[in-house]
Amino acid sequence: MTVAPPAKSSKQAVVVATYATLAAVPIVAAALILAVGTDLGDAGREVMWNIAEWARFLLYASAAVLVIVIAYGYYRRYELWRLGKPESRTDNWAERLKAFLIYGIGQGRLPGDLYASVMHLFIFWGWVVLFIGTAMLTIHDDFYHYLTGTTYLGYSLTLDIFGLLALIGVGMALVRRYLMRPPKLRLASLWDDAVLLWLMLAILVSGFLVEGVRIAATELEENPDWAGWSPVGWVIAKVFTEAGAGTGLLQDIHQAFWWFHIPAALAWIAWVGYGKVAHIVLGSANIFTRRLSPTGAQIASAALQPITDFKNPGVARLQDLTWKQLMQVDVCVRCGRCEGDCPADLNGSHLTPMGLIQDIHNYMSEVGPRLVAAQRKDGQEAVAGERTIAGDLIPADVIWDCFTCGACEAQCPFFVEHLSFMVGLRRRLVDEGTLDTQLSDTLMGLSRYGNSLGQSEKLRGRWTEGLDFPVKDVRQEPAEYLWFVGDQASYNPAAQEVTRAVARVFNKAGLDFGIMYEGEKSAGNDVRRVGEEGLFELLAEDNIQTLGECQFQTIVTTDPHTFNALKNEYPAYGGQYRICHYTELLADLLENGKLKPARRLNHRVTYHDPCYLGRYNGVFDTPRRVLKALGVELVEMGRSRERSYCCGAGGGHLWMQETGRGERPSENRIREAVALGGVQYFVVACPKDVSMFQDAVKTTGYEEEIAVRDIVDLVEEALEVEVPEREATGSPRESASAMEV
Amino acid sequence: MSQDVFVLVEHLKGQLTDGTFELLGIGREVAPQAGGRLVALLLGRDVRGLAEQLGAADVVLYVEDERLGDSVPEAYRRVLAGLLQEQSPKLTLLPTSSLGMDLAGALSVELNLPMIAFCKQLAVQDGSIVATCELYGGRAVVEAEIPEGPGLALVLPGACPADKGRSEGAPAVEEVKPSVDLAEVRVRFKGLIEPPPGDVDITRQEILVSVGRGVQREENLPIVQELADALGAALSSSRPVVDQQWLPPTRQVGKSGMTVKPRLYLAVGISGAPEHVEGMRDSDLIVAINSDARAPIFNVAHYGAVADLFEVVPKLAEAVKNRGA
Amino acid sequence: MLDIVVPIKQVPDLVEELEIDPSGTALGLERTRFVVNELDDHALEQALLLKEKHQAQVSVIALDVGDVEETLFMALAKGVDQAIKISGDFGPAPDNHTTARVLKDVLGGLSHNLILTGVQAIDDLDGQLGILLSSYLDLPYVGLVSGVQIDEGGSKATVLKELPGGVKAELELPLPAVLGIQAAEQPPRYVPVSRVRQAMRTATIEERSAAAEGNGHIRVRRISKPQVGAGAELLEGSSEDIAEQIVGILADRGILR
């Protein structure tokens, strides 16, 4: 198994410390200068010393050409993005600017892999400061002389240190790429990753050499007090003078290094318009145009908009993606962070979020320009080399392997929205009928009976028969809370026991609640995720109509998937509701005293964040508040909250044949929980999780060590509500799969 | 119209099928009710010899023709139509088999004879043909009649123990020349395609653990396999499991699969559609586990448990292993 | 040009409990939910596969019984060229002889050289529809078919007919012909709801009327639900209890080693 990484707090500390160090550099430089005194007033240097005057003009001319070269690079990509469909991402500028500052300038999504974070911070800030330094020098040289005396020395010291940090960063990158070789770096490109990195090393080294040789020739003897303020340059100068280089030789060497350093630096700058370095601009642009709502509210993105073109649904060609999606494939720098928590990757699938983005990127680079040319000439004709994206470029099994858990999106430093691709691709496959028979049977059942278990809708409310109090039919009489029960909780025998526990606890709290019985249909969350958009609409319309006929104030559900659909996706179809997850309701009831625990529970437990509750909707703290109110000892798994690891049922996988060739995600998760040591209960807050993880506990053989319990189960235990004699808890298999009858 | 009851004899590769004896068994009961003889119709290429085994019949009429040798129902239909036209029996029994199903409807139309399908029981009462039929996948029992007769019946496998149709006797054996020209048969036989060999031969197993739709997903098969291993049994299945390609066709029990007679047939998650029951009903001991109390498998099983297979099967495997240890 | 006609039939949906009419001789049709006969769906799939292969024209025809429109729209969404609903005085539950005669009447005005239908249905009390139809039309018939190939000229079909023991017979028959399909060469395709809804908006179901004469001449005396577990001795108790009882039974019979 993959061992869960340690808690991230220590990592965050290191990243913060790195930031503090970086920020301290100019401050310390300034302080030092103040401390040393003011007798260095004439300090300074001749810009472009030892270099012919015409070189200056050549340099400026090159800079002008570079601007054009870079602009052309972006224009070429921009033309490709324009192949895509429109999508609005320019609302709420303030929020977008904030995102850019936090995640762009601030590198806010770094703390993932500690080594890589420090490495990137060093390179990033080193480069930024060196760039600013160069700009400052240009201003000083051409417009306004100000880099003199102490200012110059502080400037010199700061730049030297940041240059050194950049050098360390590049060194770390080389060590990582060539010695550590993490598998996620496997998609390296020769030019964009290898050559680029060596080029950066060459720029830094040659820069220091230019500086060192200049110091050896001009400062070491004449102004030794100044030389120490360029510590790296000073060391190099020392080396050259110790070696006995004379002024003439030093001048020659200096010129050679300079003529190497400048073209190398220019080449790197040109790179900003083309390869990996473009992420400075594209990453920023992508962060600026990111989806501002939580993952769940994806309806805001054009990728999940209802299908309007029935002749051509989903994603077959580049033109079927939006400009935003096309821009995203250009942003990816193959860092591989999206793979880290991807359950499909662990499961031995060929799917990796990075691979998906890169495949489309490479394809767009190859075929896109031809499409642009064809469009200019004669419209939308197909061009040579064009392939169908869904099913050909990206094989169908890869598309189906995604659990839509969103772990990739939560990791991407540039906010690439992988899931928007998945749903579009699946829509195409569904339209073509390229889906497994178990899934198509389930979808048939859903369209016929409104539930994914293929059972009669008349049986939907039958679980209430095991209760000793009646449950209101909210279609007949008003209730404060309308409980949207969901398919699994209604039909799956293993989940039904939890459903009844919820009813008992609600009843105990005196809650005024009711259900819609056979009027309820699947909310359709995962129907949408498998790309069956028409069926989702049908289910949503039916539910919205039935809900419209009921009198209630708030909808409550135990199912995070239902929660997500009702909350984020029904509004677009005219269904606006107040909705809460049962953990939110339980937390309120416990905190306002309507539910009074009779005793504190002494269990040691861990809590699993359901993808569609946590990552999708940001509900992380509420379930923990419930656990706190019960008095249990909560031990967090390494992968918790945004990093929570999918149970393997999402994205319609409960309805498909298992295709995994490796360890099941749920098994990996149970091992993670067991590795915490001494955890009695694996607490879940999703009907699907109960069965998925009970199954995994059995198959991993940890039945003695750990048990899966729904959070309401613990609440009920703490309340000491009389629990009717339980039948042996349903077998997880039955529950995991009772859907494909 | 005569009062005779006719039975179509079915044979494969020179062997009479069990279905034939079942029909004879039923015919043996019904013929006296009708007040006529039990007549076996034996058609084929070289079938005279098989007549000896048809002791249950009063008369065996046989037709031999080169073109009756292959599995071409149309040839049978033409000969039978002529024969039934001439003899006009009260009731003709056909098996619900690949052959019988391709004959009954056509004869019904051609001879304008009413017919009843899915018959589990048959009787002649006051001159009417009365049948009890298993319809709607075994979810309903329909009692239907052909007032007066004559008529045709498609009889479900297992309607009667085959042994009732296996009796000694010396029926009159008469050859009949076909009154029709078989050259007009439009369907042409090209060959037989045998199932790929190499897998377990489930027809030779003493114990079979058989799995059906109730297993729900391929990944759940190991649960059942474990029980089979504990029992030293082979795994067989009903059609849906083979259609899903979870098991090879060689493991399929039933109409288009194998007919098996193990000492123990343990049916797990099999509802027991007639097509399946046909292939296993003669097993010495049938034990069925199914969560649906309405499943027709419980009608054929000796012992049944209305329970969740995922609960019971692992427990059972464990209990068997414990006993072995 | 290959013209394929697929007659499809509605049967009660067994996901629901069967409803029996108070008379006890028929199903309670008002409360019965209908679904397309599963094997007819295979016949349709086979037709669509042949359409893809031979650019055939596919028509689906059905008597106006049950929820037939839904089924016809679904067929249109799957890509059939024509859907025909037949009305007439055959009542809400015509038997197969009647259905076959009605179909024959309609087929008289419809070009056809291959008719594919499910080899049987769960309500075939008076015989299987395909073979009845073939006889009324005097066309050759093969049932229990799980593979169909049409020759280049479209004049004959080579089919695989299932026999017991996993054996298949390869048979050749001239077209036009009727085939009773046991299984299409691939599972019936899924058609997205959006396509069905689109078909409902844009496609039309043709309506024809036909006369129904006579019937299968059989009379239903009684319909009842079978006694549960008639025959089997039912084992009760917890899973452990059941497992122990089964082990006991096997041991008694010397089946356990």
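Residues numbered from 1 in each chain as written. Chains lettered and ligands numbered in written order. Predicted model: local features only at pLDDT ≥ 70, side-chain atom pairs only at ≥ 80, totals over all residues.

1. Some thoughts on the overall build of chain B
Of regular secondary structure, chain B possesses eight helices and 17 strands. Scaling as 2.2 N^0.38, a compact globule of 325 residues should have a C-alpha radius of gyration of about 20 Å, and chain B matches this with 21 Å. With respect to the principal axes defined by its C-alpha atoms, chain B has extents near 65 × 45 × 35 Å. Sequence-distant contacts in chain B: of pairs separated by 6 or more residues, those separated by 24 or more amount to 64%. (Helix = DSSP H or I, 4+ residues; strand = E, 2+ residues; numbered from the N terminus. Rg over C-alpha atoms; globule rule 2.2 N^0.38 Å. Contact = placed C-beta atoms within 7 Å.)

2. Let's talk about the overall build of chain A
Across its full length, chain A holds 28 helices and 11 strands. Taking the principal axes of the C-alpha coordinates as reference, chain A spans close to 100 × 70 × 45 Å. Put simply, 83% of the contacts in chain A that link residues at least 6 apart link residues at least 24 apart.

3. Focus on the sheet that holds strand β5 (residues 59-64) of chain B
Hydrogen bonds between backbone atoms are what pair the strands of a sheet, whose relative direction is either parallel or antiparallel. With mixed pairing, 10 strands are arranged side by side in an open sheet as β11(B)-β5(B)-β4(B)-β1(B)-β6(B)-β10(B)-β7(B)-β8(B)-β9(B)-β12(C). Taken across any chain shown, the strands that pair with only one partner, and hence form the sheet edges, are β11 (172-175) of chain B together with β12 (219-224) of chain C. Going from strand to strand, the sheet's axes swing by 30° on average, the running direction of each strand aside. Pairing analysis gives seven bridges linking strand β8 (residues 128-135) of chain B to strand β9 (residues 140-146) of chain B, with the strands arranged antiparallel. By the bridge assignment, B:A131 is partnered in β9(B) with B:A144. Along the sheet face, helix α2 (residues 73-87) of chain B touches β4 (38-44), β5 and β6 (91-95) of chain B and points at about 145° away from the line of β4(B). (Pairing = 2+ DSSP bridges. Axes fitted to C-alpha atoms, helices over the stretch in contact; angles between N-to-C directions.)

4. Brief notes about the nonpolar core
Judged by nonpolar contacts, the single largest core of 294 residues is most densely connected at A:V715, B:V7, B:L41, B:L93, B:I116, B:C119 and B:A153. Apart from the residues within four sequence positions on either side, B:C119 is in contact with B:A131, B:C133, B:A153, B:L154, B:V155, B:L156 and B:A159. (Core = buried A, V, L, I, M, F, W, Y, C linked by C-beta atoms within 7 Å. Buried ≥ 20, exposed ≤ 12 C-beta atoms within 10 Å, placed from the backbone.)

5. Remarks on the domain arrangement of chain A
When the parts of a complex come together, some accessible area is lost, and that lost area is often used as the size of the interface. All names here are of chain A. Here the domain parsing of chain A yields domain 1 (300-326 + 341-432) and domain 2 (438-737). Each of domain 1 and domain 2 has a C-alpha centre, and these two points are 31 Å apart. At the level of elements, α12 (343-346), α14 (396-400), α15 (407-411) and α16 (418-432) are the ones that each hand at least two residues to the side of domain 1 that touches domain 2. (Domains from an automatic or database assignment.)

6. Focus on helix α3 (residues 96-107) of chain C
All names here are of chain C. End to end, α3 covers 16 Å across 12 residues, agreeing with the expected 16 Å (1.5 Å per residue, within 8%). Taken across its 12 residues, α3 has nine buried, putting it largely inside the fold. Those residues of α3 that fall on the buried side of the exposure criterion are N96, H97, T98, T99, A100, R101, V102, L103 and L107. (Expected span 1.5 Å × (residues − 1).)

7. Focus: the interface of chain B and chain C
Facing the 78 residues of chain B at the interface are 70 residues of chain C. No other element matches the eight residues that helix α8 (residues 309-324) of chain B contributes to the side of chain B that touches chain C. Of the residues that constitute the side of chain B that touches chain C, the class distribution is 44 nonpolar, 17 polar and 17 charged. As paired elements, β9(B) and β12(C) share five bridges and run antiparallel to each other. Note on β12(C): the bridge partner recorded for B:V141 is C:S224. (Nonpolar A, V, L, I, M, F, W, Y, C, P; charged D, E, K, R; others polar.)

8. Here's the deal with the interface of chain A and chain C
Contacts between the two partners involve 21 residues from chain A, matched on the other side by 12 residues from chain C. Counting residues per element, the side of chain A that touches chain C draws most heavily on helix α17 (residues 437-449) of chain A, which supplies five residues. Of the residues in the side of chain A that touches chain C, the class split is 10 nonpolar, eight polar and three charged.

9. Considerations on the sheet that holds strand β12 (residues 188-193) of chain B
The strand order β12(B)-β9(C)-β8(C)-β7(C)-β10(C)-β6(C)-β1(C)-β4(C)-β5(C)-β11(C) describes an open sheet built from 10 strands, whose pairing is mixed. Among the strands making up the open sheet, the edge pair consists of β12 of chain B together with β11 (206-209) of chain C. In this sheet, adjacent strand axes meet at a mean angle of 35° when their direction is disregarded. One ladder, built from five bridges, connects strand β6 (residues 114-118) of chain C with strand β10 (residues 177-181) of chain C; its direction is parallel. Among the inter-strand pairings, C:T117 is bridged to a residue of β10(C), identified as C:G180. In the packing of helix α2 (residues 68-78) of chain C onto the sheet, contacts are made with β4 (57-63) and β5 (82-87) of chain C, and the angle to β5(C) comes to roughly 165°.

10. Topic: helix α9 (residues 247-271) of chain A
Relative to the 36 Å expected for 25 residues at 1.5 Å per residue, α9(A) spans 36 Å between its end C-alpha atoms, a close match to the ideal helical length. Every buried residue of α9(A) is listed here: A:L250, A:H254, A:F257, A:W258, A:H261, A:I262, A:A265 and A:W271.

11. Topic: the domain arrangement of chain B
All names here are of chain B. In terms of domains, chain B is made up of domain 1 (5-184) and domain 2 (202-324). Centre-to-centre separation of domain 1 and domain 2, based on C-alpha positions: 32 Å. Each partner contributes residues to the interface: domain 1 has eight residues there, and domain 2 has 10 residues. By residue class, the composition of the side of domain 1 that touches domain 2 is two nonpolar, three polar and three charged.

12. Some words on the packing of helix α5 (residues 149-180) of chain A against helix α6 (residues 190-218) of chain A
All names here are of chain A. Relative orientation of the contacting elements α5 and α6 amounts to 150°, with a least axis distance of 10 Å. Of the possible angle classes, the one that applies to α5 and α6 is roughly antiparallel. For the pair α5 and α6, the crossing hand works out as left-handed. Of the residues in α6, those touching α5 at G163, A166, L167, V170, A173, L174 and R177 are L197, M200, L201, L204, G207 and F208. The class makeup of the residues in the contact of α5 with α6 is 10 nonpolar, two polar and one charged. (Parallel < 35°, antiparallel > 145°, perpendicular 65-115°, else oblique. Left-handed = near helix turned anticlockwise from the far one by under 90°.)

13. A word on the environment of A:H581
Residue and element names in this part refer to chain A. Relative to the elements of secondary structure, H581 occurs in strand β7 (residues 579-581). Its 26 C-beta neighbours within 10 Å are what place H581 among the buried residues. It is 8.2 Å that separates the C-alpha atoms of H581 and L613, two residues lying 32 residues apart in sequence. What H581 contacts, discounting residues up to four positions off in sequence, is T557, P560, F563, L613 and V619.

14. Focus: the packing of helix α3 (residues 93-105) of chain A against helix α10 (residues 279-288) of chain A
All names here are of chain A. The interhelical angle for the contact between α3 and α10, taken along N-to-C directions, is 135°, at an axis separation of 8 Å. With respect to their mutual orientation, α3 and α10 come out oblique. Where α3 crosses over α10, the two elements pack in a sense that is right-handed. Contacts between α3 and α10 involve R96, A99, F100, Y103 and G104 on the former and, on the latter, G283, S284, I287 and F288. Partitioned by chemical class, the residues of the contact of α3 with α10 number five nonpolar, three polar and one charged.

15. Re the confidence of the model for chain A
All names here are of chain A. Put simply, chain A has an average pLDDT of 88, and 92% of its residues get 70 or more. Scored below 50 in pLDDT, residues 1-8 shows 14 contacts in the model against residues more than four places distant or in partner chains. Every residue in residues 725-741 is under pLDDT 50, and counting partners more than four places away or in other chains gives 53 contacts. (pLDDT = per-residue confidence, 0-100.)

16. Brief notes about the environment of A:D441
All names here are of chain A. Summarising the element assignment, D441 is placed in helix α17. Judged by C-beta crowding, with 19 C-beta atoms within 10 Å, D441 ranks as partly exposed. A C-alpha to C-alpha distance of 9.7 Å links D441 and M656, two positions 215 residues apart in sequence.

17. Some details on the pairing of strand β9 (residues 168-174) of chain C
Bridge analysis of β12(B) against β9(C) gives five bridges, and the strand direction is antiparallel. Counterpart to B:F189 in the pairing with β9(C) is C:L171. Taking the residues between adjacent antiparallel strands as the criterion, strand β8 (residues 156-162) of chain C and β9(C) are bridged by five residues, where C:G165 takes a positive phi near 75°.

18. As for the confidence of the model for chain B
Residues and elements named next belong to chain B. Averaged over all residues, the pLDDT of chain B is 90; the fraction at 70 or higher stands at 99%. Put simply, helix α6 (residues 274-277) is where chain B has its lowest mean pLDDT, 83, and strand β1 (residues 5-8) is where it has its highest, 97. Here the predicted complex scores 0.87 on pTM and 0.90 on ipTM.

19. As for unusual backbone geometry
Note the cis peptide between B:G149 and B:P150, where omega equals 0°. Tracing the chain through its elements places B:P150 in the loop between β9 and β10 (151-155). Cis geometry marks the peptide bond from C:L175 to C:P176, where omega comes out at 0°. Turning to its location among the elements, C:P176 is positioned in the loop between β9 and β10.

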